[in-house]
Amino acid sequence: LKHAPQAHSTPPRKKARTSGPPPPSPAKAGIQEHRKQLPIAKGKDALVQEIRANDVTVLLGETGSGKTTQIPQYLLEAGFADAGMIGITQPRKVAATELAARVSVEQGTPLGGLIGYGIRFDEKSSAATRVKYMTDGMLTRELLGDPLLSKYAVIIVDEAHERTLRTDLLLANLKRILRERNGKGEGKPQVNGKGKEREKDRNPLKVVIMSATLDAEKFSQFFSNAKIIYVKGRQHPVKIFHAAQGQTDYVDAALRTFFQVHVDQPPGDVLIFLPGQEDIESLEKSIQMFARQLPPGHDEVLTVPMYAALSGAQLHRTFAPTPRKTRKCILATNIAETSITIPGVRYVIDTGKVKEKRYLAGSTGGGFDTLLTRDINKSNAMQRAGRAGREGPGFCYRLYTEDAFLGMAASTEPEILRCSLAQAMLQLLCIGQDIQDLDLMDMPDVDAISSALRTLFLLGALDSQRELTDLGRAMAALPLEPTHARAVLASKDLNCTAEVLDIVSVLSANGALFLDATDKRAEIAEARRKFIHRSGDHLTILNTVRAYRAAGGADGENASGHVNGHGDGEEEKEEKVGRSARKEWARAHFINERTLREASSIRDQLRLSCTRAGIDWRASCGEQEDPVLLSLAHGLAQNTALIAPDGSYKQVMGQSVVKIHPSSSMADKKVPAIIYDELVYTNHIYARGVSSISKSYFNSLGAFNRREA
Ligand code: ADP
Ligand code: MG
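Residues numbered from 1 in each chain as written. Chains lettered and ligands numbered in written order. Predicted model: local features only at pLDDT ≥ 70, side-chain atom pairs only at ≥ 80, totals over all residues.

K.L.:
How do you make sense of the packing of helix H4 (residues 67–77) against helix H5 (residues 93–107) when you look at a structure like this?
P.N.:
For any two helices packed against each other, one specifies the inter-axial angle together with the distance between the axes. Two elements in contact, H4 and H5, have axes whose closest approach is 10 Å; the angle formed by their N-to-C orientations is 50 degrees. The angle between H4 and H5 falls in the class oblique. Judged by the twist between their axes, the crossing of H4 over H5 is right-handed. The residues of H5 that touch H4, namely those facing Thr68, Thr69, Pro72 and Gln73, are Leu99, Arg102, Val103, Glu106 and Gln107. Considering only residue class, the contact of H4 with H5 consists of three nonpolar, four polar and two charged. (Axes fitted to C-alpha atoms, helices over the stretch in contact; angles between N-to-C directions. Helix = DSSP H or I, 4+ residues; strand = E, 2+ residues; numbered from the N terminus. Parallel < 35°, antiparallel > 145°, perpendicular 65-115°, else oblique. Left-handed = near helix turned anticlockwise from the far one by under 90°. Contact = placed C-beta atoms within 7 Å. Nonpolar A, V, L, I, M, F, W, Y, C, P; charged D, E, K, R; others polar.)

Written out as structure tokens, the structure is:
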């Protein structure tokens, strides 16, 4: 295996078409023709053979070669799905849904039929589904109910080099499953009681690890020197330009670069990589403003934001064809960096920045996740540039110097070494696994493990012997973070599950609930005053959800009738009226209706989970507030702080002094004790999602969780 990171000053992919006509577009040549022309197609038979011959195959391929879309189809067409499903994991949900959509088109079947997907709170699959694109998190969840993943004949772990926490846990489990299902090391044929081999009971698993060109050896070694296959790409050349000097303001630099491209360069869409949502929103505004001031004769500019907090439908807009006489400008975080193909992109502008989650584990408790902007690494930079060469030759403008590129780290530190482990460890414990005994590619550090153990203990998921409790098992059965799951379980005893689900579904939605506009602060405050609850943000959310529901006239805001029963014609008409009334209401109150709709579909899913777990999701405490706050406080037992003499708040578990985030309805209030959803670290440590709780609950909280455990 020979490869090396490409030199920065040349196109990142050497094997490139430099002359001759461009390949026919899928629309013209027909999608089957397009499939046949992908670089991977030449190796199809050999690939299928290798995968058939080996339990584990590591497949390395340059981006655009056709790994993600084609391999599952090859295996499907070769009959691998006869013995079970073909599952293919992605680190990001937008990749799982978009790829499933693309492959459905290639197969000529409706999405959710032969080809489906599964992501948290959203599943499109059926009994007919043979190939399922899913997030790595979804598949690790499936381990809970099916520790051998026996539904699957093939598991393909895609983008393994990203080394997400879920991918790492999955890899460790796949190794175990291979041992159990394929009988490695224990004499191959399995023998039944009568001593006769029963081939049909054997249900061996095939594993394919797919990765960009880094770290292949490591995966191979992890799987006892699994076979590595290398697929050549046919990436088009991408010409790379580096900044002559370092940029202090990357948003401004991106703005200027975009307009240089727009004014001087031939048609082609532009993809700009930025670290996070705030930068995306601010750059989007500036681009729109300057675009309006361009003299006539220039193409229109269509901006499309792309970050994880957007809903699936919004993200889907990115992939729509660009209108004529228009240049699309996609402003994306690193969610657009791998896996997906955005048709039409020819120019990439790379700010060189990314936001990275990092867990600061305190040895005395009170650890928290931080989200900090940092420089990208070489692997990110190459992936980003590669996005410009998916359909034809492209250009990448790096807003950092060549020296900065050369000085970058080679690849990202595995997530398992830098994130909070509580949820993962709880899930592992449910399948009888202790993270410390797992055969992981990289072992997390002891502080992170003990911090997670403490969290689980405080939530009552573990007893003092570190044994999983019934409560812990019940928490893991809900598709929620342990803190939220704990709150839902507490609500069962306090008879307020309806209210807690309303709140937790909003907290689990991706988008923000309250919209903000600096120039309309007073107007916004006035519009929202009605539902600000004096106890803080959690009951404010509840008030908002209730007001939204009431605005529609009918009960329940779902058009789907998923939980509320079917609608006849009359009800449907009413539903339509309700929908537009709710929309209008949300607009008037500067509330993000998409978040509420997403929350509503999450709540439907949670109701089903509750029913399965024997929790009555209709149980309501009406207008009482104490039960709701108390339920939440059970989950947030570790996220509590007491007021200090100087008016700041001091964490109860941990030493940090925190301030209430300016976006909170509690921002200027002084109360004796607070609970909060999370801490964010910028120039201060801020608590976000804050409610005031009475000191008496608070004193009993730790004991509460323990006692019920
Ligand atoms: P890899 O996983 O090797 O990077 P993919 O299988 O994702 O490659 O994609 C292979 C090729 O298929 C892309 O280069 C592109 O030409 C085409 N393709 C994939 N997805 C789409 C899509 N959504 N729209 C148009 N073309 C696509
Ligand atoms: Mg891919």
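K.L.:
Looking at this model, I keep getting lost on the sheet that holds strand E3 (residues 115–119). Mind explaining?
P.N.:
Strands pair in a sheet through their backbones, by hydrogen bonds, and they do so in one of two ways: parallel or antiparallel. Strand order across the open sheet formed by eight strands is E4-E3-E5-E2-E6-E7-E1-E8, with mixed pairing between neighbours. Two strands close off the open sheet at either side, each with one partner strand: strand E4 (122–124) and strand E8 (227–231). Averaged over neighbouring strand pairs, the angle between their axes works out to 20 degrees when direction is ignored. Two strands pair when backbone bridges link them, and strand E2 (residues 85–90) and strand E6 (residues 152–157) are joined in this way by five bridges, in the parallel orientation. By the bridge assignment, isoleucine 88 is partnered in E6 with isoleucine 156. Helix-sheet contacts for H4 involve strand E1 (56–61), E2, strand E5 (131–135), E6, strand E7 (206–211) and E8, and the interaxial angle to E2 is about 170 degrees. Its contacts with the sheet put H5 on E2, E3 and E5, and the angle it makes with E3 is roughly 170 degrees. (Pairing = 2+ DSSP bridges.)

K.L.:
Hey, could you run me through the confidence of the model for the protein chain in this one?
P.N.:
Close reading of the predicted structure is inappropriate where its pLDDT is low. For the protein chain, per-residue confidence averages 85 on the pLDDT scale, and 87% of positions sit at 70 or higher. Every residue in residues 1–26 is under pLDDT 50, and counting partners more than four places away or in other chains gives 41 contacts. Under a pLDDT of 50 for its full length, residues 185–200 has, in the predicted model, nine contacts with residues more than four places off or in other chains. (pLDDT = per-residue confidence, 0-100.)

K.L.:
Sorry if this is basic, but what is going on with the site of ligand 1 here?
P.N.:
Residues in close proximity to ligand 1 total 16 residues, the closest being Gly64, Lys67, Thr68, Thr69 and Thr341. For the shell around ligand 1, the leading source of residues is H4, giving four residues. When its residues are assigned to classes, the shell around ligand 1 shows three nonpolar, nine polar and four charged. (Near = placed C-beta within 6 Å.)

K.L.:
Can you help me understand the sheet that holds strand E21 (residues 685–692) in this one?
P.N.:
As summarised here, the arrangement of the five strands in space is E17-E18-E19-E21-E20, forming a closed barrel in which the pairing is mixed. Between one strand and the next, the sheet's axes are offset by a mean angle of 50 degrees, whatever the strand orientation.

K.L.:
In this structure, what is going on with helix H10 (residues 277–293)? I would like to understand it.
P.N.:
An α-helical turn contains 3.6 residues, so any two residues separated by three or four positions project in the same direction. If you check H10, its first and last C-alpha atoms are 25 Å apart, about what 17 residues at 1.5 Å a residue would give, namely 24 Å. In the core, the buried residues of H10 are packed alongside helix H9 (250–264), strand E11 (300–306) and strand E12 (326–332). (Expected span 1.5 Å × (residues − 1).)

K.L.:
Any chance you could explain unusual backbone geometry here in plain terms?
P.N.:
With glycine set apart, most residues show a phi of negative sign, and most peptide bonds adopt trans. Of note, phenylalanine 121 is a non-glycine position whose phi angle comes to about 70 degrees, a positive value. Along the chain, phenylalanine 121 turns up in the loop between E3 and E4. Judged by the 18 C-beta atoms lying within 10 Å of it, phenylalanine 121 is partly exposed. Non-glycine residue glutamate 159 carries a positive phi angle of around 55 degrees. With respect to the secondary-structure elements, glutamate 159 resides in the loop between E6 and helix H7 (165–182). (Buried ≥ 20, exposed ≤ 12 C-beta atoms within 10 Å, placed from the backbone.)

K.L.:
Please explain helix H22 (residues 593–612) as it appears in this structure.
P.N.:
Across its 20 residues, H22 extends 29 Å between first and last C-alpha, which sits within 8% of the 28 Å expected from 1.5 Å per residue. Restricting attention to buried positions, one finds in H22 the residues Glu593, Thr595, Leu596, Arg597, Glu598, Ala599, Ser600, Ile602, Arg603, Asp604, Leu606 and Cys610.

K.L.:
How do you make sense of the environment of glutamate 50 when you look at a structure like this?
P.N.:
By secondary structure assignment, the location of glutamate 50 is in helix H3 (residues 44–53). Sequence separation between glutamate 50 and arginine 384 is 334 residues; the distance between their C-alpha atoms is 31 Å. Apart from residues no more than four positions distant in its own chain, glutamate 50 is found in contact with Thr57, Lys227 and Ile229.

K.L.:
Would you explain the environment of leucine 438 in this entry?
P.N.:
Secondary-structure assignment places leucine 438 in the loop between helix H14 (422–430) and helix H15 (446–458). C-beta crowding within 10 Å serves as the criterion here: with 16 such atoms nearby, leucine 438 is assigned to the partly exposed category. Counting along the chain gives 287 residues from leucine 438 to lysine 151, while the straight-line C-alpha distance between them is 23 Å. For leucine 438, the residues in contact, after removing those within four places along its chain, are Ala172 and Gln433.

K.L.:
Before we go on, may I ask you to explain the environment of phenylalanine 457 in this structure?
P.N.:
Tracing the backbone shows phenylalanine 457 in helix H15. The exposure class assigned to phenylalanine 457 is partly exposed, which follows from the 19 C-beta atoms found within 10 Å.

K.L.:
Just to check I follow, could you spell out the packing of H9 against H10 for this structure?
P.N.:
Running from amino to carboxyl end, H9 crosses H10 at an angle of 35 degrees, the nearest separation of the two axes being 10 Å. Where H9 crosses over H10, the handedness of that crossing is right-handed. For the pair H9 and H10, contact is made by Val251, Ala254, Leu255, Phe258 and Phe259 and by Asp279, Ser282, Leu283, Ser286, Ile287 and Phe290, respectively. Residue composition of the contact of H9 with H10, by class: eight nonpolar, two polar and one charged.

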